[in-house]
Amino acid sequence: MKALVFAAGLGERMRPLTDTTPKPLLDAGGKPLIAWHLEKLAAAGVRDVAINTSWLAPQFPLMLGDGSRWGLRLHYSHEGDTPLETGGGMLHALPLLGDEPFIAVNGDVWCDYDFARLPQAPEGDAWLVLVDNPGHHPRGDFALDAEGRVHADGAPRLTFSGIGVYRPALLRDWRDAIGDAHGADAHPARFKLAPLLRAAMARGMASGEHHRGRWTDVGTPQRLQALSREIAADA
């Protein structure tokens, strides 16, 4: 399988740290946050990884190189000065990902989930790793039923971890899914992934798993500090 790591965001909530360093390159327990993902992807047998970039984009190849230190081949999908959001970023990177199912991971999360558990051939168009709702997101995102189907509505609700497996078909009707959302008419198009996921759920084409292990959305400097302390305590 190939993989995509979302790394193009501005990291506005992480300022002033992200004024000079992209959020996925911030140190988390002695290595760049994105390096935790690259290690896990390599351990799961992935060899080609696309990284979408925008804010402070030149820093990524300078710090990560071509990926050979992890046994990977890194391909940079530069989006220009304005990030394309998760949906637009995935669409823009699709030529690097091919026609088969691929893994996509948010570059600003940390999780102990074993990527080798991810399905190589998901039944539908999207397969999501869901986690318990953190204190800063108590309402969650989606519901997971007993058969492993993910729904936009229902209970109990869980939070999308930012880790998933997708078929390129998820993007086939992206225009219908997002309608006239802001950025839809930009070139390249700029839009979020969530409407496409909800459309897949409505078709019964989204499934997933509840991961009960450790997960952190590294959205603030305080959460980054807490994560680094946890990693150091495990060492």
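Provided above is the structure to which this section pertains.
Predicted, not measured: the structure shown is a model, and the values here were computed from it.

*Asks:* Looking at this model, I keep getting lost on the nonpolar core. Mind explaining?
*Replies:* Ranked by internal contacts, the top residues of the largest apolar core, which has 31 residues, are Met90, Leu128, Tyr166 and Leu197. For this core, the elements supplying multiple residues, two or more each, are strand 1 (2–6), helix 3 (85–97), strand 4 (102–106), strand 6 (126–131), strand 7 (142–144), strand 9 (157–166), helix 4 (174–178) and helix 5 (194–202). Contact partners of Met90, with chain neighbours within four places excluded, come to Leu4, Phe6, Phe102, Ala104, Tyr166, Leu171 and Leu193. Grouped together as the second largest cluster of nonpolar side chains are 30 residues, Leu64, Cys111, Tyr113 and Val129 included.

*Asks:* Honestly, the packing of aromatic side chains in this entry has me stumped. Any pointers?
*Replies:* For any pair of aromatic rings, geometry is given as the distance between the ring centres together with the angle between the planes. This structure, assessed with the given rule, holds three aromatic pairs. Ring centres of Phe102 and Tyr166 lie 6.1 Å apart, and the angle between their planes is 40°; on these two criteria the pair is classed as tilted. On the criterion of sequence distance, the pair formed by Phe102 in strand 4 and Tyr166 in strand 9 is long-range, its members being 64 residues apart. Classification of Tyr166 as buried rests on a relative accessible area of 1%. Here the basic side chain of Lys31 rests over the ring of Trp36, its NZ or CZ set 4.1 Å away from the ring centre. The lysine or arginine in question, Lys40, covers the ring of Phe115, its NZ or CZ lying 5.2 Å from the ring centre.

*Asks:* What should I look at first to understand the pattern of salt bridges in this one?
*Replies:* Side-chain pairing between opposite charges can occur once the charged atoms of the two side chains come close. For the structure shown, the criterion picks out 11 salt bridges. Of the charged contacts, one joins Glu85 and Lys192 as a salt bridge, the two residues approaching to 3.3 Å between their closest N and O atoms. Placement of the pair is Glu85 in helix 3 and Lys192 in the loop between helix 4 and helix 5, with a sequence separation of 107 residues.

*Asks:* Even after reading the chapter, I still don't get the pairing of strand 10 (residues 206–211), so can you show me in this structure?
*Replies:* A regular strand places its side chains on the two faces of the sheet in alternate fashion. Across the six residues that make up strand 10, a large majority, six, are buried. Here strand 10 shows two buried faces, one formed by Ala206, Gly208 and His210 and the other by Ser207, Glu209 and His211. When strand 6 meets strand 10, the two strands line up parallel, connected through six bridges. Counterpart to Leu130 in the pairing with strand 10 is His210.

*Asks:* Could you clarify how one ought to interpret the environment of Gly80 in this entry?
*Replies:* Positionally, Gly80 belongs in the loop between strand 3 (73–78) and helix 3. Here the alpha-carbon distance between Gly80 and Ala206, two residues 126 residues apart in the chain, equals 31 Å.

*Asks:* What is the right way to look at helix 1 (residues 33–43) in this model?
*Replies:* Side chains of residues three or four places apart in an α-helix project in the same direction, reflecting 3.6 residues per turn. By the criterion of burial, helix 1 is predominantly enclosed, with nine of the 11 residues buried. Three or more residues of helix 1 are buried, namely Leu33, Ile34, Ala35, Trp36, His37, Leu38, Lys40, Leu41 and Ala42. Among the residues trailing helix 1, Gly45 stands out with phi positive, at a value near 100°.

Cut-off values and rules
- Residues numbered from 1 in each chain as written.
- Predicted model: local features only at pLDDT ≥ 70, side-chain atom pairs only at ≥ 80, totals over all residues.
- Heavy atoms only, no water.
- Core = buried A, V, L, I, M, F, W, Y, C linked by side-chain atoms within 4.5 Å.
- Buried < 20%, exposed > 50% of the residue type's maximum accessible area, 1.4 Å probe, protein only.
- Helix = DSSP H or I, 4+ residues; strand = E, 2+ residues; numbered from the N terminus.
- Contact = heavy atoms within 4.5 Å.
- Phe/Tyr/Trp six-rings, centres within 6.5 Å; stacked < 30°, edge-to-face > 60°.
- Lys NZ or Arg CZ within 6 Å of the ring centre and 35° of its normal.
- Salt bridge = Lys/Arg side-chain N within 4 Å of Asp/Glu carboxyl O.
- Pairing = 2+ DSSP bridges.

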